[in-house]
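Each chain, letter by letter, is given below.
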Amino acid sequence: MKKALKNPGVQAFVASIICIILGLLIGYIVLLFINPQGAAESITNVIKNFFTWSKPKTQLKQFGNTLAKTMPLLMCSLSILFAYKVGLFNIGAAGQYVAGSCACLYAALAWGWSWLPCMLFAICAGAVLGAVVGILKAYCNVNEVISGIMLNWISLYSANTILAKVKEVASPYTMYITDVNPSAILPNAGLDKLIGNNKYVTIAVPLALVIAIVISIILNKTKLGYELKATGSNKNAARYAGMKENQNIILTLVIAGGLAGLGASMLYQTGYMRWECTQSSVPGMGFNGIAAAFLGGLSPIGAIFSSFFIQHITDGGQYVNTNFYSSQISDLISSVIIYLCGFVLFIKITMNNMIAKSEDRRIQKQKTAETAGKEAD
Amino acid sequence: MLLLIQYTLIFSSVLILVALGGCISEHSGVINLGLEGIMVIGALGGALMMRFCQTESAFVMVLLVILAAAFFGLVYSALLGVACINFKADQTLVGTALNLLGTAAATVFVKALNTSMNPDDHSSEIEYVRARKMFITNINGFEFNWFMLIAVIAVIVVAVMLYRTKFGLRLMACGEHPQAADSVGINVYKMRWAGVLLSGILGGLGGICYILAGVSIWKFENGVAGFGFLALAVMIFGQWKPGRIALAALLFGLFRALSNTYVGFPSLAALNLPGNVYNMMPYIVSLIVLALTSKNSRAPKAEGIPYDKGSR
């Protein structure tokens, strides 16, 4: 037990579980405050999400919906954790996601491109936005958080303006890709058959999982990953070691931006959602990505599970009793979880201290036992 | 034109209040990225007071609303203080969490409140037409808002406090070189707490000022549209100095005001640009300004680094 707790991976897992439990507990307390009746039922519904449906078939189908939305979230969280490993807080992922949505939707609806070019275009759009943040950071010393936020709003208003050209006449939403240009929809490759005939389950699912593994390999096993991480931990040391630190910063944000852009294409090109051209706030996907990245212990593999969990409770929010509560309770829970992730370092240190203390005590005991033994001789 | 000046002044007041908050916090050594969330919570406190306080006296109302907003901001910023000062958490992460939490919590709370009063009402809006009038004095068509005066006073008070008082100088020492400050007997943790809490008060005031600026009904789902971050850009452009922050805020306020009033200018309306272009303006300007000014920034040296007594 103690040996297992020494393992950093296990520690990260335990810390995440503590964050989740506390987050849900606080959510429950908030519900209790609003209305004690039905709080328990609502919080279990948030946790159960698609299990609230009684038929296994519907459950499976709803699971497919959650799965389809997990993939863009996973991409956003990969974007954030990748940048974070290089010492950059890519809060601009939300804007890069918006740029990706705008690019793939416009290419699909206005130009009639097929799915792969649309997807690549979305990646490029996100990467360009990431590059702007990177260049500003590397050459002008602009704090990436502030420039990222500014770009979030700029890209939101730009997307609203550009996508207004391909919107339906009567509604603020963009046209259906399925009607206008079915070739831009991501292929299902038979995966929909596996998951309750849910047409939103596409090749995005395996693709996203593969990318998570690739990112993990890049970060841990390649020279590039090593250089990027070195730049993150000490820019000057990296320069003296002969690494091009400015180039590395820009490259990191280009990759991070590309990931977020790809995430957008994985959602909008399934036809699950349409863009609302009168949106007045940046879509939450990029921000939820922060929660997923930190909850996953900043590991790409951990992010797969944490993304699913965050999306799971976000979707679960719609099953609360709307007579008293609002679905934003899940936003509240995930933001509490992000806040608690700030304490992860503290939790880990406490765990290590506890282990060290009990170890000390054991050694002390052994010593006293030995000396006692000697004295007896 | 008068309208443009009016909007410029009121939006500048918001930016001044919030940027001063950020400035104090950073001088004490804590980067307060949670200002956006603090604004939302401050606005919530003020809006609730406006909604439920029945007083007829304008003075009492203004005072109570200001106190409520400041108090809400203060309490909320304590979350940042606990995590970043006592538990040495990542300041960027916690700030971001506070931003998300601010909007989410305010939305959940206001919706629950509306629903409890009227079961069919699921909106996240609070309306305060009557109270807003008490904040405004009409001078020949120019709507003078008391917050404009408060912002001016805040600039003076903060400037005097930072550069002329023992407290302010000690506070700044904690942001520049906390170990040195500690060695002469200043309690760094206390000073940083003071910085964070003061920024919470100013952030809360900025929040209530923002929702009073142009409208008399506020939808809490929308948050404050990146204004907390604009204020941080103002602070950087103002090089962490209260006087310069005020000037920078005027510039940013002007661009923000344009998006409300461009229709009134024949020359601008004739350009026929989409309204979104004006909405983007403040953000674009701040990006350009940041790119030009960040290179030689005079940021407090120890900002963003949790203070640990044991480290060298």
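Refer to the structure above for everything that follows.
Below you will find a few notes about this structure. (Residues numbered from 1 in each chain as written. Chains lettered and ligands numbered in written order. Predicted model: local features only at pLDDT ≥ 70, side-chain atom pairs only at ≥ 80, totals over all residues. Heavy atoms only, no water.)

**Observations concerning the packing of aromatic side chains**
All names here are of chain B.
Line of reasoning, step 1. Under the defined criterion, the tally for this structure stands at 28 aromatic pairs over all chains.
Line of reasoning, step 2. The rings of Tyr 7, Phe 11, Tyr 210, Trp 218 and Phe 227 are connected pair by pair, giving a single aromatic cluster.
Line of reasoning, step 3. The ring of Phe 52 carries the charged tip of Arg 51 above its face, separated from the ring centre by 5.1 Å.
Line of reasoning, step 4. Its guanidinium or amino end placed over the ring of Phe 11, Arg 256 lies 4.4 Å from that ring's centre, counting from NZ or CZ. (Phe/Tyr/Trp six-rings, centres within 6.5 Å; stacked < 30°, edge-to-face > 60°. Lys NZ or Arg CZ within 6 Å of the ring centre and 35° of its normal.)

**Here's the deal with empty space enclosed by the protein**
Unoccupied space between atoms shows up once a probe the size of one water molecule is rolled over them.
Residue and element names in this part refer to chain A.
Line of reasoning, step 1. Applying the stated criterion across every chain, the model contains three cavities of 30 Å³ or more.
Line of reasoning, step 2. In terms of lining residues, the largest cavity is bounded by Leu 105, Thr 174, Met 175, Tyr 176, Ile 177, Gly 271, Met 273 and Arg 274.
Line of reasoning, step 3. Each residue belonging to the lining of the largest cavity can be placed in one class, and the counts come to five nonpolar, two polar and one charged. (1 Å grid on protein atoms, 1.4 Å probe; cavity = no way out; pocket = protein on both sides within 12 Å on 5 of 7 lines; lining within 4 Å. Points joined across faces, edges and corners; volume = space filled by probe spheres on them. Nonpolar A, V, L, I, M, F, W, Y, C, P; charged D, E, K, R; others polar.)

**Some thoughts on unusual backbone geometry**
When glycine is set aside, most residues are seen to have a negative phi, and most peptide bonds are trans.
Residue and element names in this part refer to chain B.
Line of reasoning, step 1. At Ala 225, a position not held by glycine, the phi torsion is positive, near 55 degrees.
Line of reasoning, step 2. The topology assignment puts Ala 225 in the loop between β4 (217–219) and α10 (227–237).
Line of reasoning, step 3. Non-glycine residue Trp 240 carries a positive phi angle of around 60 degrees.
Line of reasoning, step 4. Note that Trp 240 resides in the loop between α10 and α11 (242–261).
Line of reasoning, step 5. Since its relative accessible area comes to 4%, Trp 240 is described here as buried. (Helix = DSSP H or I, 4+ residues; strand = E, 2+ residues; numbered from the N terminus. Buried < 20%, exposed > 50% of the residue type's maximum accessible area, 1.4 Å probe, protein only.)

**Considerations on the packing of α11(B) against helix α13 (residues 275–293) of chain B**
All names here are of chain B.
Line of reasoning, step 1. For the pair α11 and α13, interaxial distance at closest approach is 7 Å and the crossing angle is 160 degrees. In terms of orientation, α11 lies roughly antiparallel with respect to α13. Of the two possible hands of crossing, α11 and α13 adopt the one that is right-handed. Judged by residue contacts, Phe 252, Phe 255, Arg 256 and Ser 259 of α11 engage Tyr 278, Asn 279, Met 281, Pro 282, Val 285, Ser 286 and Val 289 from α13. (Axes fitted to C-alpha atoms, helices over the stretch in contact; angles between N-to-C directions. Parallel < 35°, antiparallel > 145°, perpendicular 65-115°, else oblique. Left-handed = near helix turned anticlockwise from the far one by under 90°. Contact = heavy atoms within 4.5 Å.)

**Looking at a nonpolar patch on the surface**
All names here are of chain B.
Line of reasoning, step 1. The grouping of Met 1, Leu 2, Ile 5, Leu 9, Leu 247 and Leu 250 at the surface amounts to a nonpolar patch, some 570 Å² of accessible area in total.
Line of reasoning, step 2. Residue assignment for the nonpolar patch shows that the elements contributing at least two residues are α1 (2–28) and α11.
Line of reasoning, step 3. The element best represented in the nonpolar patch is α1, accounting for three residues.
Line of reasoning, step 4. If you trace the backbone, Met 1 turns up in the segment before α1.
Line of reasoning, step 5. Exposure remark for Met 1: the relative accessible area of 65% places this residue in the exposed category. (Patch = residues over 30% accessible without salt bridge, like charges linked within 9 Å, V, L, I, M, F, W, Y side chains within 5 Å. Areas by Shrake-Rupley, 256 points an atom, 1.4 Å probe, with all protein chains shown as cover. Salt bridge = Lys/Arg side-chain N within 4 Å of Asp/Glu carboxyl O.)

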